[in-house]
Amino acid sequence: MVIEYIRYTVPAERAEEFEQAYKSASGVLDDDPHCLSYEVARGVEEPEHYTVRIEWDSVEGHEQGFRRSPRFAEFFAAVKPFFGAIQEMKHYDARFGSR
């Protein structure tokens, strides 16, 4: 498993639009066999900061499976208006944690 973190800076006046974009795209993530879970979190101290956390079965599952799937275009169309707001988009290996 790998975790993809996508950090965004979204102006307050577009926050609702941003959240709606991910709600619209979430059905594609829900249906994709490579996506294990995901969450969208908004900053408390800095509400213009969002982090999207997606657990993938592997980097290959994300990049070769999901991105080449028939429904990827639907996902991309929903979130594309916010690509300019991305500060970071990278995969990470989880090292340890708790429940």
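Position numbers for residues start from 1 in each chain and track the written sequence from start to end. Reporting of local features is limited, given that this is a predicted model, to residues whose pLDDT is at least 70; pairs of side-chain atoms are given and counted only at 80 or more, and all residues count toward the totals for whole chains, interfaces and linings. As a rule here, side-chain values come from all non-hydrogen atoms in the structure, and water together with hydrogens is ignored.

The protein appears in an unreviewed UniProt entry as Heme-degrading monooxygenase HmoA from Nonomuraea roseoviolacea subsp. carminata.

*Asks:* Explain the nonpolar core to me, please; I cannot follow it from the model alone.
*Replies:* Soluble globular proteins tend to bury their nonpolar side chains together. Put simply, buried Ala, Val, Leu, Ile, Met, Phe, Trp, Tyr and Cys residues joined by side-chain atoms within 4.5 Å make one nonpolar core. Note on classification: 1.4 Å probe, protein chains only; a residue is buried when its accessible area is under 20% of the maximum for its type, exposed when over 50%, partly exposed between these limits. Membership of the largest hydrophobic core comes to 23 residues, with the highest contact counts inside it found for Y8, F18, Y22 and F75. Numbering of helices and strands runs from the N terminus; a helix is a DSSP stretch of H or I covering at least four residues, while a strand is a stretch of E covering at least two. Only β1 (2-9), α1 (15-31), β3 (49-56) and α3 (72-79) provide two or more residues apiece to this core. The residues touching F75, leaving out its near neighbours within four places in the chain, are Y22, A25, V28, L29 and F66. Residue contacts follow a heavy-atom distance rule, with two residues in contact if any of their heavy atoms lie within 4.5 Å.

*Asks:* Mind showing me how you'd approach the environment of E46 here?
*Replies:* One can find E46 in the loop between β2 (35-42) and β3. A sequence separation of 37 residues divides E46 from T9, and the C-alpha atoms of the two residues are 9.4 Å apart.

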